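One letter stands for each residue in the lines below.
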Amino acid sequence: MHAIQPETYGAPRTVPVPAQRSAAPAEGFAVVDVETTGLGRSDRVISAGVYQLDADGEVTDHWYTLVNPERDPGPVWIHGLTDDLLSGAPTFPQIAEDLAERLRGRVMVAHNALFDWNMISREFSRAGLRAPVEQRLCTMVLSRDLRLPLPNGKLSTLAAYFGVQQRRAHNALDDARVLAEAFRPSLHLARQGGVPLPLQSCVAVTDLGEEEPASPARSSWTGSSYRQAKKRPPCPYPNPGRWEDGKPLVQGMRVAFTGDTATDRELLEDRAVEAGLHIAGSVSRLTSLLVTNEPGSWSGKARRARELGTPVVGEDAFLQLLREVAPHPGA
């Protein structure tokens, strides 16, 4: 493998997601993995694994549960959790306090932590509760900050780098174990090198979405999304070029999205189309803007945006920009 050079992580024009880079609390960390029925805002948690670590990254306890989503379990071929396995499991409100006890007062650590936080936070909100997590840490971002020579951001790649053996991929308990074992040396490297931990503040998610009727045909799993495919008419405006920081979006600009969002992805895309923007399925030299809450992630779109210097903004900033989209100069 080749070392990732610092310029790979060169910062495109970005409206940053607020972060706190400080020491972890004395209570330590809760390394979390959840399996879900899909990746949308109405999808549900179907299993959760938690490894509790002390402030030095040593394991002190672990916990696992199945969760009955009371709906279609989604991509069974990925997580292996069928209706039969889940029908007798407790619902999320029944396990909420047990999970809360294992998270309380700790930094939540996950691989692509924004996704796990959003799924967990929504489940607590549905139960009329708030997840007791104030900060999260994404191991994908930490690996980037440590300049680890990884070819991609997969958990299996991070595990292999530290010699951690995966036994059951997409099993919440084993994925949490693997991540805990990979996080410990990452934590030590950060402290030895004086690299601040990329701690993010956790804001409770209240946008729960509407539950869609379960149907085998309602959604499709593409590896990056689990939602109904939607054909859109072509954008009527030619591409005016890249978005420039401090200026408005212009009709015809090509906008790409990557990563999890608090607002349902399809709703974001609908609003963009209504404003006269073009939805790009990939990032190229023609892309005007990438919208992501994790600009430093290893998703294909985020990596390509860094390579090309494509402007990047977070979801909140994009919603602000959508309020005043300038008409196309040829309109």
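Residues numbered from 1 in each chain as written. Predicted model: local features only at pLDDT ≥ 70, side-chain atom pairs only at ≥ 80, totals over all residues. Heavy atoms only, no water.

Draft legend 1. Representation of helix α10 (residues 315–322) within the structure. Within α10, 6 of the 8 residues are buried, which leaves the element mostly enclosed by the surrounding structure. What α10 keeps buried is the set E315, A317, F318, L319, L321 and L322. (Buried < 20%, exposed > 50% of the residue type's maximum accessible area, 1.4 Å probe, protein only. Helix = DSSP H or I, 4+ residues; strand = E, 2+ residues; numbered from the N terminus.)

Draft legend 2. Representation of the packing of aromatic side chains. In the structure shown here, the tally under the stated rule is 4 aromatic pairs. Between F92 and F124 the ring centres are 5.1 Å apart and the planes differ by 85°, which places this aromatic pair in the edge-to-face class. Linking F92 in helix α3 (residues 92–103) with F124 in helix α4 (residues 113–126), this pair joins segments that are 32 residues apart in sequence. Judged on exposure class, the residue F92 and its partner F124 are both buried. Arranged with centres 5.4 Å apart and planes meeting at 85°, the rings of F257 and F318 form a pair that is edge-to-face. Of this pair, F257 sits in strand β10 (residues 254–257) while F318 sits in helix α10, placing them 61 residues apart in sequence. (Phe/Tyr/Trp six-rings, centres within 6.5 Å; stacked < 30°, edge-to-face > 60°.)

Draft legend 3. A look at the nonpolar core. Ranked by size, the top nonpolar core spans 55 residues in total, and within it L99 and I120 carry the most contacts. It is helix α7 (residues 172–193) that contributes the most residues to this core, 8 residues altogether. Those residues in contact with I120 that lie beyond four places of it in its chain are V32, V34, F92, L99, L103, M108 and A131. Within the second largest apolar cluster, 18 residues are counted, among which are V255, L277, A317 and L321. (Core = buried A, V, L, I, M, F, W, Y, C linked by side-chain atoms within 4.5 Å. Contact = heavy atoms within 4.5 Å.)

Draft legend 4. Inspection of the pattern of salt bridges at higher detail. Applying the stated rule across the entire model yields 12 salt bridges. Of the charged contacts in the structure, one is a salt bridge between E307 and R304, with a shortest N-O distance of 3.2 Å. A residue pair is termed a helical-turn pair when its members lie 3 or 4 positions apart in one helix, as E307 and R304 do in helix α9 (residues 300–308) at 3 residues. Residue R304 is classed as partly exposed on the basis of its relative accessible area, which comes to 33%. One salt-bridge network, in which partners are shared between bridges, spans R44, E123 and R126. (Salt bridge = Lys/Arg side-chain N within 4 Å of Asp/Glu carboxyl O.)

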